[in-house]
Amino acid sequence: MVRTPLTPEERRRGERLGELLREARGGRSMVAIAASAGISAETLRKIETGRAPTPAFFTVAALAGALGLSMDELLTRCEPVAGTLPAPGSLPLTA
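Since the model is a prediction, treat every value here as computed from it, not as a measurement.

Structural notes on the overall build of the protein chain
Thinking step 1. Helices and strands together make up the secondary structure of the protein chain, namely 5 helices and 0 strands.
Thinking step 2. When its helices and strands are written in sequence order, the protein chain yields α-α-α-α-α.
Thinking step 3. For the protein chain, buried positions account for 31% of its 95 residues.
Thinking step 4. In the protein chain, once contacts between residues fewer than 6 apart in sequence are set aside, the share between residues at least 24 apart is 64%.
Thinking step 5. In the structure as shown, the protein chain presents an accessible area of about 6,400 Å², 60% of it carried by carbon and sulfur atoms.

Here you go:
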């Protein structure tokens, strides 16, 4: 199965997520936060550095819980910058 390349906006959103997680982690150990979330430190490192810009929902939810962040806050802070258009095909389909 071939994965569709990420759009520039998807990459930027992943970078914003990584920055937010790094900021929330503060001085706490990456290993401790990863263990608390039930993921590997390498997975957390990839997310924080933007090398894994589209982590699974449950991974993000586990990290949010370990860091004391709400999913609403993550969503709000990772949204596209106001005034930019979403990438073609990124809008949800409606029935």
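Digging into the side chain of Arg-25
Thinking step 1. Considering the arrangement of structural elements, one finds Arg-25 in helix H1 (residues 8-25).
Thinking step 2. Residues contacting Arg-25, with those up to four places away along its chain left out, are Met-30, Ile-33, Leu-44, Glu-48 and Leu-67.

Re the pattern of salt bridges
Thinking step 1. Counting across every chain of the model gives 7 salt bridges.
Thinking step 2. Ionic pairing is found between Glu-9 and Arg-12, a salt bridge with its closest N-O pair at 3.2 Å. Taken together, the positions of Glu-9 and Arg-12, both in helix H1 and 3 residues apart, correspond to about one turn of that helix.
Thinking step 3. With a relative accessible area of 8%, Glu-9 lands in the buried category.
Thinking step 4. With a closest N to O distance of 3.5 Å, Glu-42 and Arg-51 form a salt bridge.
Thinking step 5. Each of Glu-9, Arg-12 and Arg-16 takes part in one network of salt bridges that share partners.

Topic: the packing of aromatic side chains
Aromatic ring pairs are reported here in terms of the distance separating the ring centres and the angle at which the planes meet.
Thinking step 1. With the rule as written, the count across this model stands at 1 aromatic pair.
Thinking step 2. Seen from their ring centres, Phe-57 and Phe-58 are 5.3 Å apart, and the 80° between their planes marks the pair as edge-to-face. Comparing Phe-57 with Phe-58, the two get one shared label, exposed.

Notes on the nonpolar core
Thinking step 1. By size, the foremost hydrophobic cluster in this structure holds 19 residues, and its most contacted members are Leu-17, Leu-21, Leu-44, Leu-63 and Leu-74.
Thinking step 2. In terms of residues, this core owes the most to one element, helix H4 (residues 57-67), which gives 5 residues.
Thinking step 3. Discounting residues that sit within four places of it in the chain, Leu-74 has contacts with Leu-17, Leu-20, Leu-21, Val-60, Ala-64 and Leu-69.

Focus on the environment of Glu-10
Thinking step 1. One can find Glu-10 in helix H1.
Thinking step 2. Judged by its relative accessible area of 24%, Glu-10 is partly exposed.
Thinking step 3. Along the backbone, Glu-10 and Pro-53 are 43 residues apart, and their C-alpha atoms lie at a distance of 7.2 Å.
Thinking step 4. Ignoring anything within four residues of it in the chain, the contact list for Glu-10 reads Pro-5 and Pro-53.

How each quantity is defined
- Residues numbered from 1 in each chain as written.
- Predicted model: local features only at pLDDT ≥ 70, side-chain atom pairs only at ≥ 80, totals over all residues.
- Heavy atoms only, no water.
- Helix = DSSP H or I, 4+ residues; strand = E, 2+ residues; numbered from the N terminus.
- Buried < 20%, exposed > 50% of the residue type's maximum accessible area, 1.4 Å probe, protein only.
- Contact = heavy atoms within 4.5 Å.
- Areas by Shrake-Rupley, 256 points an atom, 1.4 Å probe, with all protein chains shown as cover.
- Salt bridge = Lys/Arg side-chain N within 4 Å of Asp/Glu carboxyl O.
- Phe/Tyr/Trp six-rings, centres within 6.5 Å; stacked < 30°, edge-to-face > 60°.
- Core = buried A, V, L, I, M, F, W, Y, C linked by side-chain atoms within 4.5 Å.

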